[in-house]
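For reference, the chains in residue letters:
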Amino acid sequence: MNETHEQSCGDHVNSDREISAFRTDILLSKSKAEAAMVLLRFDVPEVDFIANFPGLAKKVQELPDHTSVSK
């Protein structure tokens, strides 16, 4: 499934604009916790995320669990 041309993520993310915003927010996440908040905000269950966006899901798995604050 080509992630750049997703038509929907089940009943959750349906328009191209929503998909673009969802993908951008996931890509800008600095931790798994931030990515989880994006899934909640867009009301996308993790199982749907993994099934419909496997490339993004792999990137999220590579993120640290929490964002650390550097000084």
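Going by the structure above, here's the rest.
Please read these numbers as outputs of a predicted model, since none were measured by experiment.

Engineer: I keep staring at the nonpolar core and nothing clicks. Help me out?
Structural biologist: The tendency in soluble globular proteins is for nonpolar side chains to be buried as a group. If you look at the biggest cluster of nonpolar residues, it comprises 14 residues, and the most contacted ones within it are Phe22, Ile26, Leu39, Val44, Phe49, Phe53 and Val60. Sorting the residues of this core by element identifies helix H1 (16–28), helix H2 (32–41) and helix H4 (54–61) as the ones contributing at least two each. Filtering out sequence-adjacent residues up to four positions away, isoleucine 26 remains in contact with Ala35, Val38, Leu39, Phe49, Leu56 and Val60.

Engineer: Just to check I follow, could you spell out the layout of surface pockets for this structure?
Structural biologist: Space left empty within the atom packing is revealed by a probe, the size of a water molecule, rolled over the atoms. Estimated volume of the largest pocket: approximately 160 Å³. In terms of lining residues, the largest pocket is bounded by Lys32, Ala35, Ala36, Leu39, Glu46, Phe49, Ile50, Ala57, Val60 and Gln61. Mapped onto the lining of the largest pocket, the elements with two or more residues apiece are H2, helix H3 (46–52) and H4.

Engineer: I'm lost on the packing of aromatic side chains in this one. Help?
Structural biologist: Both the distance between ring centres and the angle between the ring planes are used here to describe each pair of aromatic rings. Evaluated as defined, the whole model comprises four aromatic pairs. Look at phenylalanine 22 and phenylalanine 42: their rings are 5.4 Å apart centre to centre, the planes differ by 75 degrees, and that puts the pair in the edge-to-face class. With phenylalanine 22 in helix H1 and phenylalanine 42 in the loop between H2 and H3, this pair connects stretches of sequence that are 20 residues apart. The pair phenylalanine 22 / phenylalanine 42 is uniform in exposure class, with both members buried. Feature note: the residues Phe22, Phe42, Phe49 and Phe53 constitute an aromatic cluster, connected by ring pairs.

Engineer: Explanation requested: the packing of H1 against H4 in the structure shown.
Structural biologist: When two helices pack together, their arrangement is given by the angle between their axes and by how far apart the axes lie. At a closest axis distance of 10 Å, the pairing of H1 and H4 adopts a crossing angle of 20 degrees. The orientation of H1 relative to H4 falls into the category roughly parallel. Crossing angle aside, the handedness with which H1 passes H4 is left-handed. For the pair H1 and H4, the contacting residues are Arg23, Ile26 and Leu27 in the first and Leu56, Lys59 and Val60 in the second. Taken together, the residues of the contact of H1 with H4 break down into four nonpolar, no polar and two charged.

Parameters and conventions
Residues numbered from 1 in each chain as written. Predicted model: local features only at pLDDT ≥ 70, side-chain atom pairs only at ≥ 80, totals over all residues. Heavy atoms only, no water. Core = buried A, V, L, I, M, F, W, Y, C linked by side-chain atoms within 4.5 Å. Buried < 20%, exposed > 50% of the residue type's maximum accessible area, 1.4 Å probe, protein only. Helix = DSSP H or I, 4+ residues; strand = E, 2+ residues; numbered from the N terminus. Contact = heavy atoms within 4.5 Å. 1 Å grid on protein atoms, 1.4 Å probe; cavity = no way out; pocket = protein on both sides within 12 Å on 5 of 7 lines; lining within 4 Å. Points joined across faces, edges and corners; volume = space filled by probe spheres on them. Phe/Tyr/Trp six-rings, centres within 6.5 Å; stacked < 30°, edge-to-face > 60°. Axes fitted to C-alpha atoms, helices over the stretch in contact; angles between N-to-C directions. Parallel < 35°, antiparallel > 145°, perpendicular 65-115°, else oblique. Left-handed = near helix turned anticlockwise from the far one by under 90°. Nonpolar A, V, L, I, M, F, W, Y, C, P; charged D, E, K, R; others polar.

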